[in-house]
Amino acid sequence: MFILPFAVAKLASECAGMALCMMLFLVINPLYSILLGIVAGQNIKALWNLPLISAVAFLAGAWLFFDIHELWFIAYAAVYLCIGIVAMLIMNYLKRK
């Protein structure tokens, strides 16, 4: 969540950068949030903060490397946080069952 925005912003051309940004925001980051939620759901007492750390890392990476302090990045971070928390709670529920 922190390194990928840097790679897109610095290494990709303008045309490819937009496509990579869309893929990053709509595919890779939600999947990463789901995976972190699944991992956190295995041991929710110790790893409950993983979805929160992931959302904050995304926000920091997006604001630092894209050099745009757009408020919509907060909305993306909130959605990623919700996805991670829901995945964590579902995994915890399935583990207890």
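What comes next is a walk through the structure. (Residues numbered from 1 in each chain as written. Predicted model: local features only at pLDDT ≥ 70, side-chain atom pairs only at ≥ 80, totals over all residues. Heavy atoms only, no water.)

**What to know about the overall build of the protein chain**
- Assigned secondary structure in the protein chain consists of five helices and zero strands.
- Reading the helices (α) and strands (β) of the protein chain from amino to carboxyl end gives α-α-α-α-α.
- Along the longest, intermediate and shortest principal axes, the C-alpha atoms of the protein chain span 50 × 20 × 20 Å.
- Counting every position in the protein chain, which comprises 97 residues, the buried fraction comes to 32%.
- The long-range fraction of contacts in the protein chain, counting pairs at least 24 apart against all pairs at least 6 apart in sequence, stands at 65%.
- Taken as a whole, the protein chain presents about 6,300 Å² of accessible surface, with 77% of it coming from carbon and sulfur. (Helix = DSSP H or I, 4+ residues; strand = E, 2+ residues; numbered from the N terminus. Buried < 20%, exposed > 50% of the residue type's maximum accessible area, 1.4 Å probe, protein only. Contact = heavy atoms within 4.5 Å. Areas by Shrake-Rupley, 256 points an atom, 1.4 Å probe, with all protein chains shown as cover.)

**Points about the nonpolar core**
- Counting 12 residues, the largest nonpolar core is built from V8, C21, L24, F25, A55, F58, L59, A62, F66, F73, A77 and Y80.
- Taken together, the elements giving at least two residues each to this core come down to α2 (14-42), α4 (50-65) and α5 (72-96).
- Here this core gets four residues from one element, more than from any other, and that element is α4.
- Apart from the residues within four sequence positions on either side, L59 is in contact with F73, I74 and A77. (Core = buried A, V, L, I, M, F, W, Y, C linked by side-chain atoms within 4.5 Å.)

**Quick word on a nonpolar patch on the surface**
- A cluster of nonpolar side chains, namely L4, M18, L20, M22, M23, L26, V27, I28, L31, I34, L35 and I38, defines an oily patch on the protein surface of about 1,000 Å² accessible area.
- Counting residues per element, the nonpolar patch draws most heavily on α2, at 11 residues.
- Residue placement: L31 occurs in helix α2. (Patch = residues over 30% accessible without salt bridge, like charges linked within 9 Å, V, L, I, M, F, W, Y side chains within 5 Å. Salt bridge = Lys/Arg side-chain N within 4 Å of Asp/Glu carboxyl O.)

**Some points on the packing of aromatic side chains**
- A complete count under the given rule lists six aromatic pairs for this structure.
- Each ring, one from F58 and one from F73, has its centre 6.2 Å from the other, and the planes form 80°; the classification is edge-to-face. Within this pair, whereas F58 is found in helix α4, its partner F73 is found in helix α5, the two being separated by 15 residues in sequence. You'll find F58 and F73 in the same group, each marked buried.
- Cluster of aromatic residues (ring-pair linked, three or more members): F25, F58, F73, Y76 and Y80. (Phe/Tyr/Trp six-rings, centres within 6.5 Å; stacked < 30°, edge-to-face > 60°.)

**As for the packing of α4 against α5**
- Direction vectors running N to C along α4 and α5 enclose 160°, while the axes themselves pass 8 Å from each other. With respect to α5, the element α4 is oriented roughly antiparallel. Pair α4 / α5 crosses with right-handed handedness. Mapping the contact onto sequence places P51, L52, A55, F58, L59, A62 and W63 in α4 and F73, I74, Y76, A77, Y80, L81, G84, I85 and M88 in α5.
- For the contact of α4 with α5, the residue count by class is 15 nonpolar, one polar and no charged. (Axes fitted to C-alpha atoms, helices over the stretch in contact; angles between N-to-C directions. Parallel < 35°, antiparallel > 145°, perpendicular 65-115°, else oblique. Left-handed = near helix turned anticlockwise from the far one by under 90°. Nonpolar A, V, L, I, M, F, W, Y, C, P; charged D, E, K, R; others polar.)

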